[in-house]
Amino acid sequence: VQLQASGGGLVQAGESLRLSCAASGRTFSNRVMGWFHQAPGKEREFVAAISWSGGITYYEDFVKGRFTISKDNAKNTFYLQMSSLKPEDTAVYYCAASARAIRSSWYVASGYGDWGQGTLVTVSS
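This one's a predicted model, so the numbers in the text were calculated from it and none came from an experiment.

> What should I look at first to understand the overall build of the protein in this one?
Counting secondary structure elements, the protein contains zero helices and 11 strands. Secondary structure elements in the protein, listed N-terminal to C-terminal, are β-β-β-β-β-β-β-β-β-β-β. Relative to the compact-globule value of 14 Å for 125 residues, the protein shows a C-alpha radius of gyration of 13 Å, a close match. Residues counted as buried form 44% of the 125 residues belonging to the protein. Put simply, of all contacts in the protein between residues at least 6 apart along the chain, 54% involve residues at least 24 apart.

Here is the structure:
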């Protein structure tokens, strides 16, 4: 699966931003698609995931109520709508695809085999 992330940028605290990830290549109907972020000097961290076939969503606690992951099957694209952004949300955001069947795998970077190139989100205070 090839992934292309886009939509990053510079925003002020409290504003919103939507990231997109276009998927192509092998069938991904049985995949879980995820978003991770990585701040400078820190490890890549799980943000949210969605199952491509069922649309079931999973979120890390620090984004619940602020971020929404969704998908558009017709466009082979999934999204991360980010609202009420905080300076601590500043990071490079990566989209990824997992072929793992075990739910616990979807919360860690090692559970994903395909990655997009990353898009930078900067939130100013």
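> Looking at this structure, I do not really get the environment of Leu 120. What am I missing?
Take Leu 120: it is sitting in strand E11 (residues 119-124). In this structure the C-alpha to C-alpha distance between Leu 120 and Arg 26, which are 94 residues apart in sequence, comes to 27 Å. Beyond its immediate sequence surroundings of up to four residues, Leu 120 is in contact with Gly 8, Gly 9, Ala 91 and Val 92.

> Got a minute to help me understand the pattern of salt bridges in this structure?
Any two side chains of opposite charge can pair, so long as their charged atoms come close to each other. Enumeration over the complete set of coordinates arrives at three salt bridges. As a salt-bridge pair, Asp 114 and Arg 31 come within 3.1 Å of each other at their nearest N and O atoms. Of the two residues, Asp 114 is situated in strand E10 (residues 114-115) and Arg 31 in the loop between strand E3 (17-24) and strand E4 (32-38); the sequence distance between them amounts to 83 residues. For the residue pair Asp 114 and Arg 31, the accessibility class agrees, reading buried in each case. Taking the shortest distance from any N to any O, the salt bridge between Arg 66 and Asp 89 comes out at 2.8 Å. Of the two residues, Arg 66 is situated in the loop between strand E6 (57-59) and strand E7 (67-72) and Asp 89 in the loop between strand E8 (77-82) and strand E9 (91-98); the sequence distance between them amounts to 23 residues. Taking relative accessible area as the criterion, Asp 89 reaches 2% and is therefore assigned buried.

> When you look at unusual backbone geometry in this model, what are you seeing that I'm missing?
As a rule of thumb, non-glycine residues mostly have phi less than zero, and peptide bonds are mostly trans rather than cis. Backbone geometry at Asn 76 places phi at a positive 50°, although glycine is not the residue there. Position of Asn 76 among the secondary structure elements: in the loop between E7 and E8. Looking at Asn 76, the relative accessible area reads 29%, which means it is partly exposed. One non-glycine residue, Ser 84, lies in the positive phi region at around 50°.

Reading guide: rules and limits
- Residues numbered from 1 in each chain as written.
- Predicted model: local features only at pLDDT ≥ 70, side-chain atom pairs only at ≥ 80, totals over all residues.
- Heavy atoms only, no water.
- Helix = DSSP H or I, 4+ residues; strand = E, 2+ residues; numbered from the N terminus.
- Rg over C-alpha atoms; globule rule 2.2 N^0.38 Å.
- Buried < 20%, exposed > 50% of the residue type's maximum accessible area, 1.4 Å probe, protein only.
- Contact = heavy atoms within 4.5 Å.
- Salt bridge = Lys/Arg side-chain N within 4 Å of Asp/Glu carboxyl O.

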